[in-house]
Amino acid sequence: KLSCGDSCLSGQIGQKVSSDVLTIIDTPDPDGGFPAFLDSEGTKGQTVSVVKNGVFVQPICSLKNAELLQVPPTGNAGRRPLLSGMIPTDIKETPKNFCILPGTSSLEEMEAHMGDGFLITEYFDLFHSLNIASGDFSVPVHAVRIRDGKECGMVRGLTMSGNFRTMLREIIEVGSEAVIRPMEYLRNYGIGTCPIRI
């Protein structure tokens, strides 16, 4: 999507795309994910700074897309099954262990800093709720209501909507409690995150 201009981040490599507090890496040697020391093209896995202090440094790339984008390959070529069967054939960029690096604040400190707001605890159908080209999203969520910095009950039936680029710019704080969730069904990558205050 980046190489053909169909991403909301197309043309943004080397540009500031978020607030300074956000750093995202992709690593082959996670604490809690799956190790990925070679990709399906034989490229050595490496830790990639995708976003560093708000700057979009480098996307994850296969050999082909690294050449198209004129960046180094990152060891992220994976194979995906065709719709007609489960035999993995096509090469596609696949994360190894895609992680937001933790900040310094505990969740309780972040809630106190928030004052009034919502702590999103569950989301639904994220993959069908984001327009990759525009960055617009609308995601059904459940949340905990925060009043005066304290949790005061569950709220269901909410929708979180906005624009991905705007959301990145409005990140105020990243929490210290990092969790990586391996994709157990596929057994091939993990996603790591921390609490984020927006």
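The model shown is predicted, which means the values in this text are computed figures rather than measured ones.

Considering the overall build of the chain
Now for step 1: Of regular secondary structure, the chain possesses 3 helices and 13 strands.
Now for step 2: A burial count over the chain gives 39% of its 198 residues as buried.
Now for step 3: In the chain, the share of contacts with a sequence separation of at least 24, taken over all contacts with a separation of at least 6, comes to 59%.
Now for step 4: Per element, the accessible surface of the chain, about 11700 Å² overall, is 55% carbon and sulfur.

Description of the sheet that holds strand S2 (residues 48-52)
Now for step 1: One open sheet accounts for 6 strands, arranged S3-S2-S1-S6-S12-S11; its pairing is mixed. In this open sheet, the two edge strands, each paired with only one partner strand, are strand S3 (55-56) and strand S11 (179-182).
Now for step 2: Pairing of strand S1 (residues 24-26) with strand S6 (residues 97-100), which is carried by 3 bridges, proceeds in the antiparallel orientation. Across the sheet, the residue bridging to Asp-26 is Phe-98, located in S6.

Concerning the sheet that holds strand S8 (residues 136-147)
Now for step 1: Strand order in the open sheet formed by 3 strands is S7-S8-S9, and the pairing between neighbours is antiparallel. Strands with a single pairing partner mark the edges of an open sheet, and in this sheet they are strand S7 (117-123) and strand S9 (150-163). Adjacent strand axes in the sheet meet at a mean angle of 35° when their direction is disregarded.
Now for step 2: Across the sheet, helix H2 (residues 107-114) lies against S7, S8 and S9, angled at about 135° from S7, the strand it touches most.

Some thoughts on a negative patch on the surface
Now for step 1: A cluster of acidic residues, Glu-108, Glu-109, Glu-151 and Glu-177, forms a negative patch at the surface.
Now for step 2: With respect to the helices and strands, Glu-108 occurs in helix H2.
Now for step 3: Residue class for Glu-108 comes out exposed when judged on its relative accessible area of 53%.

Some details on the environment of Asn-65
Now for step 1: Here Asn-65 lies in helix H1 (residues 63-69).
Now for step 2: Owing to a relative accessible area of 18%, Asn-65 belongs among the buried residues under this scheme.
Now for step 3: Residues contacting Asn-65, with those up to four places away along its chain left out, are Ser-3 and Glu-93.

What to know about the side chain of Asp-39
Now for step 1: On the secondary structure map, Asp-39 appears in the loop between S1 and S2.
Now for step 2: Look at Asp-39: it is buried, it has no salt bridge, and the nearest opposite charge is Lys-96 at 7.4 Å.
Now for step 3: Here Thr-43 takes part through its backbone nitrogen, which lies 2.8 Å from a polar atom of the side chain of Asp-39.
Now for step 4: Not counting the four nearest positions on each side in its chain, Asp-39 is found in contact with Gly-75, Asn-76 and Ala-77.

About the cut-offs
Residues numbered from 1 in each chain as written. Predicted model: local features only at pLDDT ≥ 70, side-chain atom pairs only at ≥ 80, totals over all residues. Heavy atoms only, no water. Helix = DSSP H or I, 4+ residues; strand = E, 2+ residues; numbered from the N terminus. Buried < 20%, exposed > 50% of the residue type's maximum accessible area, 1.4 Å probe, protein only. Contact = heavy atoms within 4.5 Å. Areas by Shrake-Rupley, 256 points an atom, 1.4 Å probe, with all protein chains shown as cover. Pairing = 2+ DSSP bridges. Axes fitted to C-alpha atoms, helices over the stretch in contact; angles between N-to-C directions. Patch = residues over 30% accessible without salt bridge, like charges linked within 9 Å, V, L, I, M, F, W, Y side chains within 5 Å. Salt bridge = Lys/Arg side-chain N within 4 Å of Asp/Glu carboxyl O. Lys, Arg positive; Asp, Glu negative; His and termini not counted. Charge placed at Lys NZ, Arg CZ, Asp CG, Glu CD. Polar contact = N/O pair within 3.5 Å; in protein donor to acceptor, adjacent residues only side chain to side chain.

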